[in-house]
Amino acid sequence: MITTVTTVTTTAITSIAAASLTMVVILSLITLLIQAEIIGSLQSEWSQRTIRRISVVIPPLLGVFVVTIAVRLYDLFV
Amino acid sequence: MKQGTDRIQHVFWVLLLLITCGEMLIATPYPQAGIILHGFLLVGLLTFSGVAQRAEVRNLALALSLAPMIRLLSLALPLPLIPQMAWYPAVSILLMLSFWLITRSIGITRQQLNIRIGNVPLQLALSLVGLGLGAAEYLILQPAPQQMPSIMHVVLMSLSLLIFTGLVEELIFRGLLQSLAPLVLGRWGFGYVAILFGVLHIGYLSFADVVFAGLVGLMFAQLVRWGSSLFGVTLAHGLTNITLFLALPWLAQQPFVPMEIVILVLLMIGGATFILVGSFMAIQHSFAGSTKTTVASATLRDLRRAHGLSYLELATRASVPARRVAEFELGQALIQNEDLGRIARALGVAPEQLYRSSATS
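(A) Quick look at the overall build of chain A. Along chain A, the regular secondary structure elements total three helices and zero strands. When the helices and strands of chain A are read in sequence order from the N terminus, they spell out α-α-α. Judged by the C-alpha coordinates and their principal axes, chain A covers about 45 × 35 × 15 Å. A burial count over chain A gives 47% of its 78 residues as buried. Of the roughly 4,000 Å² of accessible surface on chain A, 72% is carried by carbon and sulfur atoms.

Okay, structure coming up:
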């Protein structure tokens, strides 16, 4: 009973699709950052609340980005 | 108002359907389609959690964003480039960060999440249920044995499974989502979270395992409700995974090990523990607080709204689970005198006010 790393996860990440999957996550991160910037220009209560909610998932997605870059660099140079 | 509530409930069922579609697409040869859908779902859920009118709806939408997050994090990290031992920690640490940020944003307390030890002997005994569940799931999945070159690897992998699968998943599903879903979905809240838990197992490509995980989710939900603690089910969940992915595949490789007998014994231990401990917890739960009564549902709702409080805010003030407040308001549960006193104090009224009106409401 593990939801995170399943049979499909291990199959998908070892295939050619792995890089494109990371790309989708980075695009999601960029979308959220742009959305936060656009909504941030509004001054309503809901817009401020939405920004607070969006900012909740940015650090973990940023974590994926940083880990991916670090591991790729390590793989390249070491 | 009832129509609005129904509409919101339909929205959440549609979201569950979309998460299911995303999981099914990931299981196809083109997982990109599924991950794109999860990406859209994440953005949509976060937007929904900002614009929805009711606090309960906003909170559930935010908590539900953990479902696409689980898949985005697990598929996007470059796992093949790191040792297999580190796979679960790598995903779970980022997931824990999401969980912590979400709980902080919602303002839910540890008590609301059932993060407490509870009745230690009972909760420790409950962990043995994991042996039976691990054996049952082994019969479904038959996983290949892991590469375990030393005892240290076995110990580290066991701890990894216990902490980074058992603890993290119980915090998310039986802790956060189970506390929030009944506030929006009423009686269907537990079922909703159990189905979601099952759906996130589609990646094992076994329909039987999806059903199994859903049923276990429902069982764990009830055990947490009775015991008001995540401790036992966390241990049981961890032990299930250790039995399933480490112990039984290793035993199956050893010569002269009668696997049928081993599995039968584990199933009997798990089943007997569940019946004994579960029954005891159920009885203890139903007799807790010798006197119970029906709360005046309409009065409680009116007073809560008059104070401008959400379920969660009232529950936090009164130090009772938010799910219980919703159940009292909907007339779905009897209230203990102790809880009634706390809620009345939080609302600044005498407990009798909630009793007296019960006859007329």
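Once the structure has been displayed, the description carries forward.
(B) How the structure looks around a nonpolar patch on the surface. A cluster of nonpolar side chains, A:Leu62, A:Phe65, A:Val66, A:Ile69, A:Leu73, A:Tyr74, A:Leu76, A:Phe77 and A:Val78, forms an exposed patch at the surface whose accessible area comes to about 970 Å². Take A:Val78: it is sitting in the segment after helix H3 (45–77).

(C) Spatial organisation of the pattern of salt bridges. All names here are of chain B. Under the counting rule described, the total for this entry stands at five salt bridges over all chains. The salt bridge partner of Arg 71 is Glu 23, with a shortest N-O separation of 2.8 Å. Of this pair, Arg 71 sits in helix H4 (residues 66–76) while Glu 23 sits in helix H1 (residues 2–26), and the two are 48 residues apart along the sequence. Summarising the burial analysis for this pair, Arg 71 and Glu 23 share the class buried. Glu 56 serves as the salt-bridge partner of Arg 54, at 3.8 Å between the closest nitrogen and oxygen. Arg 54 sits in the partly exposed class, given a relative accessible area of 24%. On the accessibility criterion, Glu 56 (7% relative accessible area) is buried.

(D) Inspection of the environment of B:Leu330 at higher detail. All names here are of chain B. Tracing the chain through its elements places Leu 330 in the loop between helix H15 (322–329) and strand S2 (335–336). Separated by 30 residues in sequence, Leu 330 and Leu 300 place their C-alpha atoms 9.8 Å apart. Other than its neighbours up to four places away in sequence, Leu 330 contacts Gly 186 and Ser 297.

Cut-offs applied
Residues numbered from 1 in each chain as written. Chains lettered and ligands numbered in written order. Predicted model: local features only at pLDDT ≥ 70, side-chain atom pairs only at ≥ 80, totals over all residues. Heavy atoms only, no water. Helix = DSSP H or I, 4+ residues; strand = E, 2+ residues; numbered from the N terminus. Buried < 20%, exposed > 50% of the residue type's maximum accessible area, 1.4 Å probe, protein only. Areas by Shrake-Rupley, 256 points an atom, 1.4 Å probe, with all protein chains shown as cover. Patch = residues over 30% accessible without salt bridge, like charges linked within 9 Å, V, L, I, M, F, W, Y side chains within 5 Å. Salt bridge = Lys/Arg side-chain N within 4 Å of Asp/Glu carboxyl O. Contact = heavy atoms within 4.5 Å.

Any functional reading would require information beyond the geometric quantities listed.
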